[in-house]
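For reference, the chains in residue letters:
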Amino acid sequence: MALKKLGGTRSVWTTEWCARTKDASPGMINSATEYGVAMHDVFLGGANVFMAYDWVYPPRDSGEALIHVNWGNDYTLTKPYHLFRQRAAPLKPGMRFVEIGYTGKAPIGVRATALLAADGNSLVVHVVNPQDMDAPVAIKLIGKFATATTAERKRTSATEDVMALPSLMAEKGGFTDTLPARSMVTYRYEVVAK
Amino acid sequence: MIEGGEIPSLPKEGDAFAVPLGSGRYSVCRVILDRSNETGQWHGGAILVAGSDWVGDEVPLPDEPALRSILHLTHHSWNNSLNIIWVAEEPPDDFILIGTIRPSLEEQSIPCDRFSSWSTFMIQPLVQWRWDNKREAVRELERDDVANQISVQPGADVVSGRFDRCVGDRIAGQIGPIPNRHRSGVDHARRSVRGDCRTRDLESTPNDAPGLLPADGRGHRSLGGRHPVAGPHRMATRTSWSRNDAHGDIRRTRDRRDRVRNRDRCRSRTPTACEQGSGTRVNFDGFITRRNIPIIRRCPVVSASPRNGITRSLIVVCVILVGTMGDAQSQDKTLITVQTAKPRQVFDGLGAGAIFYEGHITSLAARNKNERQEQLYDDMFKEIPTRYLQLMIREAIGGWR
């Protein structure tokens, strides 16, 4: 935030964040959700760009690299890779972050980041659950998306890699869902045509 | 509490205060983010303040490293939240400015959507300490909290059910009926909207509690959830109003009668009418002492202005209530509100950083695994729409192949 203030109108890039602790979780899902939290935090702090540090690296027991290349033999995609892929897929430069508010267990529970398309007609909400327990959430959209009736969903968890889930239907003006422990769900909303 | 359109003079980023907890003990809070000059945003006009898990018996110097550690709240359903809140009012007169503790960027990035008052930094260390050391007593009190009457009795962790009546009933009216099992949350919320709930009303005699602080008198984190007081450091149980007080029943009856009378008076008068009452004291060991201490209080008029402290406090109350509604609702949903009419910064894209580390990225082709190499390139660049690529080239040191 302070850097953003100093930077003024300059674009602020985060270039070298990575998980460094040893991670024996399935596919390194723990590192993946930490990655998601880090991305949330830097964007909340005002960053405009996030660079995945250690994109490709030799195999290791900590979670900093997204792709592990065993020299000349083969490579492996880690959970941090899939989370990054899920996060990147619906985004386009020129989108705008929008304000998020929490009531309940957050902010130390789930972390949400929302981006509005440049034309204002679609909205993407990433919600990360870095906890070791399921997290029920209700998402309420205020403004022109308040009448949205469905949300496309994709999820990365210990057992899923950017898996497309059945669309979520609005109930009582909001969308309720339960994030499995250590997971990230991406919701995509479209403006309802009048 | 700041009245009407008066603009409070808020501390600046880094300002650190010794917070009096009573009996010569202090904790510390400090400003980690200043948005007081911003307008139009939810946090505009406010500062983000963090409460330390440090407690000592002297006003500390700002360069004490232990002051930086933020108290984790684990009592009730705070779920290990950090003791951080937005504040939009001036600190109380009895907070002591001790200097500057520069916040880190990490601290400034801690998400927080709770507004409250400075009294939080006097109350939370005490409530957390009781939770860590007297949990059964807290539970017992909550079970016995019949008919929403917070009795003055040993073992209570509430400051008072009486002096918050004016504001509390008003708030309760705003948010609807509250089950008895959630009353502790209500009282916590009430305390949060009361700027006059000072720890000067908290009392414990240092001689009565020789073990709470180390013999050298230097600060420690005995109140923090991660550093419970144990063994020889556990505080002795002594109060100036004990359960053996022969007049206790009479006093309790009188107090209850006074509460009803005072509440009715508050309801029948204008919002600024209730000014004076007796005080309640809470010791670290959890006993409550009732004394005739003049306390000036007000029942503020609730306005619709978003910059009004009371309005914010009401919002805070709702947040706190959800956060403290007991373990039975620990599976409550987290409500995420997305406000598309409040845009923030532009997203300029994602990128990837790769080290050409002994040619590992191209090593599959080097072993004639061309198809697999192409798959790797696709996974790197086709599957993820990155806009930037950062290359780091470094000299090979030894071989890892």
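A brief report on the enclosed structure follows. What you are looking at is a predicted structure, and each value in this text was computed from that prediction instead of being measured.

Considering the overall build of chain B
Regarding its fold elements, chain B presents 9 helices and 12 strands. The buried share among the 401 residues of chain B stands at 44%. Here the contacts in chain B between residues at least 6 apart in sequence split such that 72% fall between residues at least 24 apart.

Brief notes about the overall build of chain A
Looking only at helices and strands, chain A features 3 helices and 13 strands. Relative to its full complement of 194 residues, chain A shows a buried share of 48%. Put simply, 63% of the contacts in chain A that link residues at least 6 apart link residues at least 24 apart.

A look at the interface of chain A and chain B
Counting residues at the interface gives 68 residues for chain A, matched by 56 residues for chain B. Along the lines of polarity and charge, the residues of the side of chain A that touches chain B split into 46 nonpolar, 13 polar and 9 charged. The pairing of strand β9 (residues 135-142) of chain A with strand β10 (residues 334-346) of chain B spans 6 bridges and is classified as parallel. Residue pairing across strands places A:L141 opposite B:V338, the latter belonging to β10(B).

Some details on the nonpolar core
Ranked by size, the top nonpolar core spans 66 residues in total, and within it A:V56, A:I67, A:A114, A:V125 and A:V127 carry the most contacts. Those residues within four positions of A:V56 in sequence are excluded, and the remaining contacts are A:A65, A:I67, A:V69, B:A354, B:H360, B:I361 and B:M380. Listed in part, the 44 residues of the second largest apolar core include B:L21, B:I32, B:A88 and B:V127.

Describing helix α2 (residues 120-133) of chain B
Here α2(B) is 14 residues long and its end C-alpha atoms lie 20 Å apart, about the 20 Å a rise of 1.5 Å per residue gives. Burial in α2(B) covers these residues: B:T120, B:F121, B:M122, B:I123, B:Q124, B:P125, B:L126, B:V127, B:Q128, B:W129, B:R130 and B:W131.

Details of helix α2 (residues 29-44) of chain A
When the terminal C-alpha atoms of α2(A) are compared, their 22 Å separation across 16 residues agrees well with the 22 Å that a helix rising 1.5 Å per residue should span. Immediately downstream of α2(A), the backbone of A:G46 shows phi near 110 degrees, a positive value.

Let's talk about the sheet that holds strand β3 (residues 56-57) of chain A
Across the sheet, 3 strands lie side by side as β3-β4-β5 (chain A); this open sheet has mixed pairing. Here the strands that pair on one side only, and so sit at the sheet edges, are β3 and β5 (74-77) of chain A. One ladder, built from 4 bridges, connects strand β4 (residues 67-70) of chain A with β5(A); its direction is antiparallel. Following the sheet pairing, A:I67 is matched in β5(A) by A:L77. Its contacts with the sheet put helix α9 (residues 370-382) of chain B on β3, β4 and β5 of chain A, and the angle it makes with β5(A) is roughly 25 degrees.

About the cut-offs
- Residues numbered from 1 in each chain as written.
- Chains lettered and ligands numbered in written order.
- Predicted model: local features only at pLDDT ≥ 70, side-chain atom pairs only at ≥ 80, totals over all residues.
- Helix = DSSP H or I, 4+ residues; strand = E, 2+ residues; numbered from the N terminus.
- Buried ≥ 20, exposed ≤ 12 C-beta atoms within 10 Å, placed from the backbone.
- Contact = placed C-beta atoms within 7 Å.
- Nonpolar A, V, L, I, M, F, W, Y, C, P; charged D, E, K, R; others polar.
- Pairing = 2+ DSSP bridges.
- Core = buried A, V, L, I, M, F, W, Y, C linked by C-beta atoms within 7 Å.
- Expected span 1.5 Å × (residues − 1).
- Axes fitted to C-alpha atoms, helices over the stretch in contact; angles between N-to-C directions.

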